[in-house]
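Take a look at the letters that make up each chain.
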Amino acid sequence: MSEDLNSCGSRLSPDSLMLDDFNGLRKRNHLNTSALSYDSLEDTSLEISDISGHEDECAREDEDDPMEYLDKEVFPMLLPCFEEMLFAAKQNDVLKVQKSRFNGLDYLAELLWNRNPCHPERQLNYVPIFEIPFVKTYLENNPRPVFPKSWLWTASEAAVVIQSAMRGYFVRRLPQVQEMREFWKILAREKTPSRDTPL
């Protein structure tokens, strides 16, 4: 029993244990390291391929970016028309009065129709909104309600109409004018034969 312990003790000495553990650990680490290095290389290649694919996808997204399309194709044409429409709205006092004859959408459609870069000939022959072919066709099938005069006249045009009506009223009230009007009425009745008089 003691010999077995001594033999086991010789085999299980601290030096032998350290050396065996070190050799075994080195072998295991070498195998694990080689395996891990191969796996890590595969993972790295996968990561690189993923990154390159992501970059390609980002490039495609940049090409198909809707904001970039708006900045390049839409806004350079639309924003100047918006600015001019707001200036025209200010001139027509749209921001001060509740109802007006000025229609911002009509004005914008008129500008975009006449300034279409695909049809440069329209800039030489400016067409009003109600003379544009598709607008005429649409309004024939869907007529708009008649606007009152207060919507159609500007302040200066309305002032001219009101002043002329008032001047005519005050002139007709004058006594000599009333006498002259009565004279012409009597004369017209005398010249017009009545139904009772024989021909």
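Residues numbered from 1 in each chain as written. Predicted model: local features only at pLDDT ≥ 70, side-chain atom pairs only at ≥ 80, totals over all residues. Heavy atoms only, no water.

Peer 1: Looking at this model, I keep getting lost on the overall build of the protein chain. Mind explaining?
Peer 2: From N to C terminus, the protein chain includes 8 helices and 0 strands. Among the 199 residues that make up the protein chain, the fraction classed as buried is 9%. Across the protein chain, every contact between residues at least 6 apart in sequence was considered, and the portion connecting residues at least 24 apart equals 32%. Surface exposure of the protein chain reaches about 17,200 Å², of which carbon and sulfur atoms provide 61%. (Helix = DSSP H or I, 4+ residues; strand = E, 2+ residues; numbered from the N terminus. Buried < 20%, exposed > 50% of the residue type's maximum accessible area, 1.4 Å probe, protein only. Contact = heavy atoms within 4.5 Å. Areas by Shrake-Rupley, 256 points an atom, 1.4 Å probe, with all protein chains shown as cover.)

Peer 1: What is the right way to look at the layout of surface pockets in this model?
Peer 2: By rolling a water-sized probe across the atoms, one finds the places where empty space is left. By volume, the largest pocket is sized at about 340 Å³. As for the largest pocket, its lining consists of 15 residues, of which R101, F102, N103, D106 and F130 are closest to the centre. Here the lining of the largest pocket gets 3 residues from one element, more than from any other, and that element is helix α4 (residues 104-114). Within this model, the second largest pocket holds a volume of roughly 230 Å³. Around the second largest pocket, the lining residues are Q91, N92, D93, V97, K99, S100, R101, S150, W151, W153, T154 and A155. (1 Å grid on protein atoms, 1.4 Å probe; cavity = no way out; pocket = protein on both sides within 12 Å on 5 of 7 lines; lining within 4 Å. Points joined across faces, edges and corners; volume = space filled by probe spheres on them.)

Peer 1: Whenever I open this one, the packing of aromatic side chains confuses me. Can you help?
Peer 2: Each aromatic ring pair is specified by the distance between its two centres and by the angle formed by the two planes. Using the criterion set out here, one finds 5 aromatic pairs in the structure. Residues F183 and W184 carry aromatic rings whose centres are separated by 5.5 Å and whose planes lie at 70 degrees to one another, so their mutual orientation is edge-to-face. On the basis of relative accessible area, F183 is assigned to the partly exposed category, the value being 45%. Across from the ring centre of W113, 3.5 Å away, lies the NZ or CZ of R122, which sits over that ring. (Phe/Tyr/Trp six-rings, centres within 6.5 Å; stacked < 30°, edge-to-face > 60°. Lys NZ or Arg CZ within 6 Å of the ring centre and 35° of its normal.)

Peer 1: Looking at this structure, I do not really get the side chain of R122. What am I missing?
Peer 2: Here R122 shows up in the loop between α4 and α5 (133-141). One buried charge, R122, has no salt-bridge partner; the nearest side chain with opposite charge is E121, at 4.8 Å. Not counting the four nearest positions on each side in its chain, R122 is found in contact with W113, N114 and N116. (Lys, Arg positive; Asp, Glu negative; His and termini not counted. Salt bridge = Lys/Arg side-chain N within 4 Å of Asp/Glu carboxyl O.)

Peer 1: Is there a simple way to explain the environment of L111 in this structure?
Peer 2: The residue L111 is located in helix α4 in this model. For the pair L111 and M85, spaced 26 residues apart in sequence, the C-alpha separation works out to 8.7 Å.

Peer 1: For this particular structure, what's the right way to read the packing of helix α3 (residues 66-91) against α4?
Peer 2: Between α3 and α4, the shortest axis-to-axis distance is 10 Å and the interhelical angle comes to 135 degrees. In terms of their interaxial angle, α3 and α4 are classed as oblique. The element α3 and its partner α4 pack so that their crossing is right-handed. The segment α3 lies against α4, with M77, L78, C81, F82, E84, M85 and A88 engaging G104, Y107, L108, L111 and L112. Its residues assigned to classes, the contact of α3 with α4 shows 10 nonpolar, 1 polar and 1 charged. (Axes fitted to C-alpha atoms, helices over the stretch in contact; angles between N-to-C directions. Parallel < 35°, antiparallel > 145°, perpendicular 65-115°, else oblique. Left-handed = near helix turned anticlockwise from the far one by under 90°. Nonpolar A, V, L, I, M, F, W, Y, C, P; charged D, E, K, R; others polar.)

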